[in-house]
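The chain contents come next:
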Amino acid sequence: KVVDALANGGRFAASDVAAKTGSSIEEAKRALRDLAALLGEEAGLEVSSDGELVYKLPQDVPGKLASRSNAAAARATWESVKPGLYTALRISFGAALIVSIAVVYSAIFFLSTSSSSDDRRDGRRG
C-alpha cells in the first residue's frame, strides 16, 4: 500500500503517508523507515522546520525496490503475469469441463445403444 502511494517519489512525512494510505502515523513511520532502509543511499532524510522527519524518495520507487530486492522483483513479475495466467486457467477449466461433459454423454449414449441392441439379440434367440 505504501509503495503504491509513494510510487512517483518526492518528499513525504509520516502524516502524508498516513493520509494517503489510511494507516496510523506509527505504521506510516515504520513503513517509511523500512522503505528508506531498503532504498539505501537513494533515499534521503531531512528534518522540517516543524521538527518532523521528511523522507526524500527517488522517482519510480517500485522499480528501485525491485532492483534491490529479489522478493520485490518476484512480486512485480507475479503481478504482471497473474492476469494472463488466471485467464488461461479459466479457459482451460472451461474446456476441460466441456470435454468431460461430452465424454460422459458419449459413454451414456454408447452404453444405452449397446444394451438395447443386446436386448434385441437376446429376444430373437429365445
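What counts as what
Residues numbered from 1 in each chain as written. Predicted model: local features only at pLDDT ≥ 70, side-chain atom pairs only at ≥ 80, totals over all residues. Heavy atoms only, no water. Helix = DSSP H or I, 4+ residues; strand = E, 2+ residues; numbered from the N terminus. Buried < 20%, exposed > 50% of the residue type's maximum accessible area, 1.4 Å probe, protein only. Contact = heavy atoms within 4.5 Å. Areas by Shrake-Rupley, 256 points an atom, 1.4 Å probe, with all protein chains shown as cover. Lys, Arg positive; Asp, Glu negative; His and termini not counted. Charge placed at Lys NZ, Arg CZ, Asp CG, Glu CD. Axes fitted to C-alpha atoms, helices over the stretch in contact; angles between N-to-C directions. Parallel < 35°, antiparallel > 145°, perpendicular 65-115°, else oblique. Left-handed = near helix turned anticlockwise from the far one by under 90°. Nonpolar A, V, L, I, M, F, W, Y, C, P; charged D, E, K, R; others polar. Pairing = 2+ DSSP bridges. Arc of directions from axis to C-beta. Salt bridge = Lys/Arg side-chain N within 4 Å of Asp/Glu carboxyl O.

Chemist: Help me out: how do you make sense of the overall build of the protein in this one?
Modeler: Scanning the protein from terminus to terminus reveals 5 helices and 3 strands. Secondary structure elements of the protein occur, N-terminal to C-terminal, as α-β-α-α-β-β-α-α. Expressed along its principal axes, the backbone C-alpha trace of the protein runs to roughly 110 × 30 × 15 Å. The buried share of the protein, taken over its 126 residues, is 18%. Counting only contacts in the protein whose residues sit at least 6 apart along the sequence, the fraction spanning at least 24 positions is 48%. By element, 60% of the accessible surface of the protein is carried by carbon and sulfur atoms, the whole surface being about 9,000 Å². Side chains of the protein give 16 positive and 15 negative charges; the mean places of these two sets differ by 8 Å.

Chemist: Which parts of the structure should I look at to understand the packing of helix α3 (residues 25–39) against helix α4 (residues 61–68)?
Modeler: Think of two packed helices as two axes; the pair is described by the angle between the axes and how far apart they sit. Between α3 and α4, the least distance of the axes is 9 Å, while the angle of their chain directions is 55 degrees. Classified by the interaxial angle, the pair formed by α3 and α4 is oblique. Considering only the axes of α3 and α4, their crossing is left-handed. Contacts between α3 and α4 involve L35, L38 and L39 from the former and V61, K64, L65 and R68 from the latter. Here the contact of α3 with α4 is built from residues that sort into 5 nonpolar, no polar and 2 charged.

Chemist: It is not clear to me how the sheet that holds strand β1 (residues 10–13) should be interpreted in this structure. Could you clarify?
Modeler: Sheet strands associate in pairs through backbone hydrogen bonding, adopting either a parallel or an antiparallel arrangement. The antiparallel open sheet is built from 3 strands, whose spatial order is β1-β3-β2. Sheet topology places β1 and β2 (44–47) at the edges, where each strand pairs with a single neighbour. Neighbour-to-neighbour, the strand axes of this sheet turn through a mean angle of 30 degrees, independent of strand direction. Note: β1 against strand β3 (residues 53–57), 4 bridges, orientation antiparallel. Bridge assignment links G10 to a residue of β3, and that residue is L57.

Chemist: Teacher, can you tell me more about helix α2 (residues 14–21) here?
Modeler: Note: α-helices contain 3.6 residues per turn, so residues at a spacing of three or four share the same orientation. Among the residues making up α2, those that are buried are A14, V17, A18 and T21. Buried residues in α2, looked at end-on, bunch into an arc of 100 degrees, giving them a common side. Among the exposed residues of α2, those pointing more than 90 degrees away from its buried face are A19 and K20. At its buried positions, α2 is contacted by α1 (2–5), β1, α3 and β3. One or two residues past the end of α2 sits G22, with phi positive at roughly 80 degrees.

Chemist: Which parts of the structure should I look at to understand the pattern of salt bridges?
Modeler: Where charged atoms from two side chains of opposite charge come close, those side chains can pair. Applying the stated rule across the entire model yields 4 salt bridges. For the salt bridge of E46 with R11, the shortest nitrogen-to-oxygen distance reads 2.2 Å. With a gap of 35 residues between them, E46 in strand β2 and R11 in strand β1 connect regions that are remote in the sequence. Residue classification places E46 among the partly exposed residues on the basis of a relative accessible area of 27%. Overlapping salt bridges bring together R11, E46 and K56 as one network.

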